[in-house]
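Structure at a glance
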Amino acid sequence: MLRLPKFELASPTTVTEAVAMLASTPGSMVIAGGTDLLPNVKHELFTPPLVVSLADIAELRGIRAAPNGWTTIGAMTSLADVAAHELVRARFPALAQAAGLVAGPQLRAMGTLGGNVLLDTRCQWYNQTYFWREALGFCLKKDGTLCHVVEGGSKCVAAASNDTAPPLMTLRANLVLEGPKGRRTLPIDDLWLADGAYNKKLEPNEVLVEVQIPPTTAQHRGAYGKLRERGSIDFPLFGVAVRLELDAAGAVDTADAVVTAMQARPLRLKRFQDHLKGRVPGTESFEEGAHLAADSAYAQCHPMPNIPGDEDWRREMVPVYVRRTILAASRGEGPVHHV
Ligand SMILES: Cc1cc2nc3c(=O)[nH]c(=O)nc-3n(C[C@H](O)[C@H](O)[C@H](O)COP(=O)(O)OP(=O)(O)OC[C@H]3O[C@@H](n4cnc5c(N)ncnc54)[C@H](O)[C@@H]3O)c2cc1C
Ligand code: SF4
């Protein structure tokens, strides 16, 4: 059994208080639902002297429709609530589907949207006990100088593995962050660094307050596809969010897709819109466009042995999941996964 090392726990009731507590102790960390943080602390991946809980900050919970058409989701809103919420399901189906496929029901009840967006990268050589990692000589991300994935590599390539990041990127969501210098708004696309050691451009001691999502139209279509070993609980071996916006004639006007569980940051699929623009869902032409977009995703995506699952098999699954998720989105269906 892995024991939880000792740390101080603080429970502020305002974001400003939380930020001040974080700033007061070097190495302190935020805990939201704790579903990733606590296993990582048990594995001695993090050794925070102080853990600041956001559980008592009422401002951080809830889903609200703003008068300007934007939707605001508090960082401490549970994934179960995001997945079930009527507004999210109607306006942002891919986000509701992705939140509903994170881990299993207990973890979605505890896990939060904020914790999912800010999830640490994952690697099969890193998410292990201290004993296991020590026996291997550690690695670049923690305590060592080698990478076991890329021989001779000088940069960690642990994988972004958070399911809600791809749909939030296709939706062009903004993150509201509060730190010692005050509040700022950051487009989620600008959050990421291509470095698995730490893949986020957060300022020290910043807290994610809420996620703001711009309006979608009645012609919005979205779906999420997720490949994983066990359909009941696992992290993604591949995840793809698809967004389609149709015009008045029912043809694709704009299209976007973002994938996860590949590299250190979620990746936008290149030339995705070119393959689908002008095509009408339900037609042969649209099916052809979906095939072309899937082939193009295959050319772009090169899974690495950073997470479990044979990488050649994972690559073969890329076009399958991309094509199926495009078709599901176009039909107002999804998610695409196996149980
Ligand atoms: C068995 C298992 C399976 C899982 N499967 C999946 C999966 O399929 N897909 C997936 O995406 N995840 C999965 N997870 C990981 C995790 O459960 C989810 O990502 C969850 O959403 C994390 O949210 P949390 O609130 O528990 O975050 P925490 O564990 O509390 O925090 C995660 C990280 O974010 C930081 N943080 C959290 N909230 C804030 C905030 N508001 N401001 C600043 N920093 C913050 C923490 O400091 C920490 O670094 C799985 C976990 C387990 C144990
Ligand atoms: S990608 Fe390499 S450096 Fe990064 S966690 Fe995995 S083994 Fe370590």
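Thresholds, definitions, all that
Residues numbered from 1 in each chain as written. Chains lettered and ligands numbered in written order. Predicted model: local features only at pLDDT ≥ 70, side-chain atom pairs only at ≥ 80, totals over all residues. Heavy atoms only, no water. Helix = DSSP H or I, 4+ residues; strand = E, 2+ residues; numbered from the N terminus. Buried < 20%, exposed > 50% of the residue type's maximum accessible area, 1.4 Å probe, protein only. Contact = heavy atoms within 4.5 Å. Areas by Shrake-Rupley, 256 points an atom, 1.4 Å probe, with all protein chains shown as cover. Lys, Arg positive; Asp, Glu negative; His and termini not counted. Charge placed at Lys NZ, Arg CZ, Asp CG, Glu CD. Expected span 1.5 Å × (residues − 1). Arc of directions from axis to C-beta. Near = heavy atom within 4 Å. Polar contact = N/O pair within 3.5 Å; in protein donor to acceptor, adjacent residues only side chain to side chain. Nonpolar A, V, L, I, M, F, W, Y, C, P; charged D, E, K, R; others polar.

Attention now moves to the overall build of the chain. Along its length, the chain carries 12 helices and 12 strands. Its C-alpha atoms give the chain principal-axis dimensions of roughly 60 × 50 × 35 Å. Here the chain holds 339 residues, and the buried ones make up 52% of them. The contacts of the chain with a sequence gap of at least 6 include a subset with a gap of at least 24, amounting to 63%. Of the roughly 14900 Å² that the chain leaves accessible, carbon and sulfur atoms contribute 54%. Within the chain, the 36 negative side-chain charges are centred at a point lying 1 Å from the centre of the 35 positive side-chain charges.

Attention shifts here to helix 11 (residues 284-300). The terminal C-alpha atoms of helix 11, which comprises 17 residues, lie 25 Å apart, in line with the 24 Å expected from a rise of 1.5 Å per residue. Residues of helix 11 that are buried: Phe286, Gly289, Ala290, Ala293, Ala294, Ala297 and Gln300. With its buried residues spanning 140 degrees around the axis, helix 11 presents them on a single face. Counted as exposed and oriented over 90 degrees from the buried face of helix 11: Glu284 and Ala299. Along its buried surface, helix 11 packs onto strand 10 (238-246), strand 11 (252-260), strand 12 (267-268), helix 10 (272-276) and helix 12 (311-330).

Bringing the environment of Gln263 into the picture now. Relative to the elements of secondary structure, Gln263 occurs in the loop between strand 11 and strand 12. Filtering out sequence-adjacent residues up to four positions away, Gln263 remains in contact with Ala158, Ala159, Ala160 and Met304.

The next thing to look at is the site of ligand 1. Of all residues adjacent to ligand 1, which total 33 residues, the nearest are Val30, Thr35, Thr112, Asp163 and Lys226. Gly33 has a polar backbone atom sitting 2.8 Å from an oxygen atom of ligand 1. When isolated, ligand 1 has an accessible area of 970 Å², and the protein chains bury 90% of it. Elements supplying a minimum of two residues to the shell around ligand 1: strand 2 (29-31), helix 7 (113-117) and strand 8 (207-213). Considered class by class, the residues forming the shell around ligand 1 number 18 nonpolar, 10 polar and five charged.

Cis peptide bonds are those with omega within 30 degrees of zero, and the linkage from Gly334 to Pro335 qualifies with 0 degrees. Mapped onto the elements, Pro335 comes out in the segment after helix 12. For Glu44, which is not glycine, the phi dihedral falls at a positive 60 degrees. Its location among the elements puts Glu44 in the loop between helix 2 (37-42) and strand 3 (50-53). Its identity as a non-glycine residue notwithstanding, Arg172 has a phi of 60 degrees, on the positive side. Its place among the elements puts Arg172 in the loop between helix 9 (165-170) and strand 6 (174-179).

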